Number of protein chains: 2
Amino acid sequence: MTVENISVNKSFGGWHKQYSHHSKTLNCAMRFAIYLPPQASNGKKVPVLYWLSGLTCTDENFMQKAGAQRMAAELGIAIVAPDTSPRGDDVADDAGYDLGKGAGFYVNATQAPWNRHYRMYDYVVNELPELIESMFPVSDKRSIAGHSMGGHGALVIAMRNPEAYQSVSAFSPITNPVNCPWGKKAFTAYLGRDMTTWAEYDASLLMRQATEFVPALVDQGEADDFLIEQLKPEVLEAAANVSGYPLTLNMQEGFDHSYYFIASFIENHLRFHAEHLVK
Amino acid sequence: MTVENISVNKSFGGWHKQYSHHSKTLNCAMRFAIYLPPQASNGKKVPVLYWLSGLTCTDENFMQKAGAQRMAAELGIAIVAPDTSPRGDDVADDAGYDLGKGAGFYVNATQAPWNRHYRMYDYVVNELPELIESMFPVSDKRSIAGHSMGGHGALVIAMRNPEAYQSVSAFSPITNPVNCPWGKKAFTAYLGRDMTTWAEYDASLLMRQATEFVPALVDQGEADDFLIEQLKPEVLEAAANVSGYPLTLNMQEGFDHSYYFIASFIENHLRFHAEHLVK
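Throughout, residues of each chain are indexed from 1 in the direction in which the sequence is written. Whichever chain is written first is A, and whichever ligand is written first is 1; the rest continue in order. Since the coordinates come from a predicted model, pLDDT governs what is reported: local features require at least 70, and pairs of side-chain atoms require 80 or more to be given and counted, while whole-chain, interface and lining totals use all residues. In computing side-chain properties, one takes all heavy atoms of the structure into account and sets aside hydrogens as well as water.

Going by what an unreviewed UniProt entry lists, chain A is known as S-formylglutathione hydrolase and is assigned to Shewanella pneumatophori. Note on chain A: under the UniProt heading Catalytic activity (unreviewed entry), the record states "S-formylglutathione + H2O = formate + glutathione + H(+)". UniProt positions are given in the numbering used here, feature names are shortened, and annotations may be inferred rather than shown by experiment. Within the UniProt record for chain A, the comment given under Function (unreviewed entry) is "Serine hydrolase involved in the detoxification of formaldehyde."

Draft legend 1. Expanded view of the UniProt feature "active site" (unreviewed entry) in chain A. Residues and elements named next belong to chain A. With numbering matched to this structure, UniProt assigns "active site" (unreviewed entry) to Ser148, Asp224 and His257. Judged by maximum C-alpha separation, these annotated positions cover 110 residues in sequence but sit close together in space, the widest gap being only 10.9 Å. Here a helix means four or more residues in a row that DSSP labels H or I, a strand means two or more in a row labelled E, and each is numbered from the N terminus. Along the chain, Ser148 falls in the loop between β6 (138–147) and α4 (149–160). Once residues lying within four places of it in the same chain are set aside, the contact partners of Ser148 are Gly54, Phe171, Ser172, Pro173, Ile174, Trp182 and His257. Here Asp224 shows up in the loop between β8 (216–221) and α7 (227–231). The buried label applies to any residue whose accessible area, calculated with a 1.4 Å probe on protein chains only, is under 20% of its type's maximum; exposed applies above 50%, and partly exposed to all values in between. Given a relative accessible area of 5%, Asp224 falls into the buried group. Any pair of residues with heavy atoms lying within 4.5 Å of one another is described as a contacting pair. Residues within four places of Asp224 in sequence aside, it is in contact with Ser172, Leu231, Phe255, Asp256 and His257.

Draft legend 2. Region of the structure containing the state of the cysteines. All names here are of chain A. Disulfides are defined as cysteine sulfur pairs within 2.5 Å. This structure, assessed with the given rule, holds zero disulfides over all chains. We note that Cys180 lacks a disulfide partner, and the nearest cysteine sulfur, in Cys57, lies 17 Å from it. The class for Cys180 is buried, based on a relative accessible area of 0%.

Draft legend 3. Structural view of the packing of helix α3 (residues 120–135) of chain B against helix α4 (residues 149–160) of chain B. All names here are of chain B. It is at 11 Å that the axes of α3 and α4 come closest, and there the two elements cross at 55 degrees. The angle between α3 and α4 places the two elements in the oblique class. Considering how the two elements wind past one another, α3 and α4 form a crossing that is right-handed. Every residue of α4 that contacts α3 at Tyr121, Val124 and Val125 is listed here: Val156, Ile157 and Arg160. Ten residues, namely Ala, Val, Leu, Ile, Met, Phe, Trp, Tyr, Cys and Pro, are considered nonpolar, four, namely Asp, Glu, Lys and Arg, are considered charged, and the remaining ones, Gly among them, are considered polar. In terms of residue class, the contact of α3 with α4 is built from five nonpolar, no polar and one charged. To obtain an axis, a line is fitted to C-alpha atoms, over the contacting stretch when the element is a helix, and the angle between two such axes runs from 0 to 180 degrees between their N-to-C directions. Orientation categories follow fixed angle ranges, with anything under 35 degrees roughly parallel, anything over 145 roughly antiparallel, 65 to 115 roughly perpendicular, and all other angles oblique. Here a crossing is taken to be left-handed if its near helix is turned anticlockwise relative to the far helix by less than a right angle, and right-handed if that turn runs clockwise.

Right under this line is the structure:
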């Protein structure tokens, strides 16, 4: 296993680092970023928040734009940001921004040509944490968060693996992909036309049936252009009411889908995760 | 005078906005960004911090990556970020990243072909503040700051107009452009080979001779790849010692030239400016 360091930047007394490695799950080279807070330099193992980004993003968007490192440094939490899809010249792609590279949707594709590489669910759930916990001074305490497509990924992954995550949060998540244009397009391509196979990747369907709970926080801007057609937080809230899921949904007046929204509330999300991660 | 709004994002209870306007100084269309803190929505006039970016940047880099809006909202300070050069198909350019578009160096060019558009000094000192103060609920209290090439611009502009600025700060500024490769290349092109015309754009030469003072704060990373050849903070510090200039220079161990450095210390800079702007 070779893991190559690409960049190092000191940030709020800790370190932002990018790495490239060969992913056996995705069958290609992958890049990820990690923020190690100052506490990780003191021989102490710190917990990890995994951040899943939205459509078109890489490992860089959150690290550069969210302003998360200030609070991660204060609270002693590492942050890991993977890429949003497999990458490389031999990886299948689509002309749309919402399918193929940059749009892995955190599923394990079953349909050709996608099933050669697109296994982001397994990558985020298994291979990446194993790599992180073998390379860095981190504990096995994990939480997960994301934005938009990544918010969908975070909710699905936490609900399907409640023993593995202390808490989950999302900004502007796609909450019900089986019923929105982005989700239908991606799931048809990656999973095929049999919609019964889609349910295990739908946060609202999972939340409605849940019997084991991971504390969940969602923030959604009311001025988000994608709110009504793609995101549908009311569907997630209704599902939580059915199962009694511990979901806090904050609707934020005037805020849109951008990183300006994420930056405005990331401190609240990090403090929420710290309550569950830092004991 | 037509000024076109390009984007609006709510951010920390205030508003980030981008505009395009025709600059008569630069003889082209220019874009700028403004962050208006929540206090500006309450019928109160807020002071303005002008931010000058470095080589290759636009109005977007600082607004997206510095994490400045959190403290600007708390302290009640607007931030204005202009572009770093004139723009457009008929604007002279160079193949290098350090001359031409994205590299205006905040000077008034005297040499062809640059003198048709490259008058960033006059734009930042006169036209832009007049426009800002006519359009937005801001007071005439101004401070100025910048990074690298923009740190050079901020220091030069504050020292040549001490009556117009309450305070000045810089991250990793080019302090002595007449004696570094970036400065020599740009000044030769924009100002010509007669080096006597360069002095009015050299922060260290201006600081050495200063008799009127603007409180100044500079942060410089010790792991900055450009430190020794291009930035030379020791020259600025020596100049301050000659004139008794009120300069605080902080050398920061381990930090580099990136926005991760700026984000780590922007709170200190905004608090410094607030001491002088918010009375």
